[in-house]
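Geometric and topological summary
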Amino acid sequence: MQPLDFHTRLGRTALKVGRFALGTVNFGGRVDEDDGHAIMDQALEHGINLFDTADMYGWRVHKGYTEETIGRWFARGNGRRDSVVLATKVGNPVGDGPNDQGLSAHHIIAACEASLRRLRTDHIDLYQMHRMDSDAHWEEIWQAFETLTRQGKVRYVGSSNFAGWHLATAQHTARHRDFLGLVSEQCVYNLVTRHAELEVIPAARAHGIAVLPWSPLHGGLLAGVLRKMAEGTAVKSAQGRAADTLERHRNAIEGYEKFCSELGEDPAHVGLAWLLSRPGVTAPVIGPRTVGQLDGAMRAFDIRFSQEELTRLDTLFPPIGKGGAAPDAWIT
């Protein structure tokens, strides 16, 4: 059962979203279509209504496959599309041509049309820039998004992987065009990776931008990786970025898993609960590979930390500067 305060505003908008967003990056390659459809159905049961994807997701099959999977789920009806705040992204390469990436007006509008076809819908609720494009001026970017919002094809605009000064510049230029501008920012943020606390989260809070942390468990590193490796059940957490980071943070991860054991809680749930407790965080983007993982994640809403416990987590995973000024100190 969802908490009473499970839904919150998306930044400064009146749009209500759940405190978790459903990430779909695993759909296609790690999660087959039937399981993906089951996860989306269960997400709605939990009150999770913000579904996040991108035009290049599904690359393990082919780019766009994940949007196609979601589109086929929408086509099953029963109010699925109307129940979802649909978020997708534009900017990363989706083809081999020189204009098949980036944030030119040409690509933004063409990519939106392609996403709408794959998603089998007539509008995107939250259209996010997947990354900053240093070749694109804000006048061109906002012109493209203004066109799409006037046409009713996009409701809100968000960003991903932006720096704090990118957020501030985006809002400054949007304001001069009498445009709403950004309403959300997706940034990597978790106990291991806390640099968003320096500038991104303060800038987002100052401008009324929702913060949607991606990789909330650092690719599984905060999900009990050492225990799973000992059991032989580690999958994602034993690969790529998480595996590289484990060697640099093994002592902290050992301490973290001991801390979670003392709490009597699963490390994944503790990591999510910590994010939910952070100022400025709207909805961590979780990427369950099974319905069971999705159900388990809801446990995070029942975990409350004492000040002593939060201090212990800060000792294990110090903020940038090892206890410097909190983000709140930079908001005027």
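Our subject is the structure listed above.
Cut-offs and rules
- Numbering of residues begins from 1 in every chain and follows the order in which that chain's sequence is written.
- With pLDDT at 70 or above as the cut-off, local features in this predicted model cover only qualifying residues; side-chain atom pairs require 80 or more to be listed or tallied, and sums for whole chains, interfaces and linings still use all residues.
- Neither water nor hydrogens contribute to the side-chain values; these are computed over all heavy atoms in the structure.
- When a carboxyl oxygen of Asp or Glu is within 4 Å of a side-chain nitrogen of Lys or Arg, the pair counts as a salt bridge.
- Only DSSP runs of H or I covering at least 4 residues are called helices, and only runs of E covering at least 2 are called strands; the numbering of each starts at the N terminus.
- Each residue is placed in one exposure class: buried if its accessible area under a 1.4 Å probe, protein chains only, is under 20% of its type's maximum, exposed if it is over 50%, and partly exposed if it falls in between.
- Nitrogen and oxygen atoms within 3.5 Å of one another constitute a polar contact, given that in protein one can donate a hydrogen and the other can accept it, and given that sequence-neighbouring residues count only through two side-chain atoms.
- Whether two residues touch is decided by their heavy atoms; if any such pair falls within 4.5 Å, the residues are in contact.

1. Thoughts on the pattern of salt bridges
Under the defined criterion, the tally for this structure stands at 17 salt bridges. Among the ionic pairs, R72 bridges to E33, the shortest N-O distance being 2.8 Å. Taken together, the positions of R72 in helix α2 (residues 65-74) and E33 in helix α1 (residues 33-45) put the pair 39 residues apart, joining distant regions of the chain. Taking the relative accessible area as the measure of exposure, R72 reaches 26% and is therefore partly exposed. Here K153 makes a salt bridge to E113, at a shortest N to O gap of 2.4 Å. Residue K153 is located in the loop between α5 (138-150) and β7 (154-160), and its partner E113 is located in helix α4 (residues 105-119); the two are separated by 40 residues in the primary sequence. Relative accessible area serves as the criterion here: at 26%, E113 is assigned to the partly exposed category. Taken together, the salt bridges that share partners define one network made up of R194, E197, R278 and D314.

2. Topic: the environment of N26
Position of N26 relative to the elements: it lies in the loop between β3 (21-23) and α1. Given the relative accessible area of 2%, N26 is considered buried. Measuring from C-alpha to C-alpha, the distance between N26 and R60 comes to 9.4 Å, with 34 residues separating the pair along the chain.

3. Some details on helix α10 (residues 267-276)
Counting buried positions along α10 yields ten of ten residues, so the element is predominantly enclosed. Taken residue by residue, α10 has P267, A268, H269, V270, G271, L272, A273, W274, L275 and L276 as its buried positions. For α10, the capping residue at the N-terminal end is D266, with a side-chain oxygen 2.8 Å from the backbone nitrogen of A268.

4. Quick look at the side chain of K89
Examined against the element boundaries, K89 turns out to sit in strand β5 (residues 85-90). Residue K89 is classed as buried on the basis of its relative accessible area, which comes to 1%. A distance of 3.0 Å separates a polar atom in the side chain of K89 from the backbone oxygen of T53. If we ignore the near neighbours within four places in the chain, the residues touching K89 are D52, T53, A54, D55, Y57, Y127, Q128, H130, S160 and Q186.

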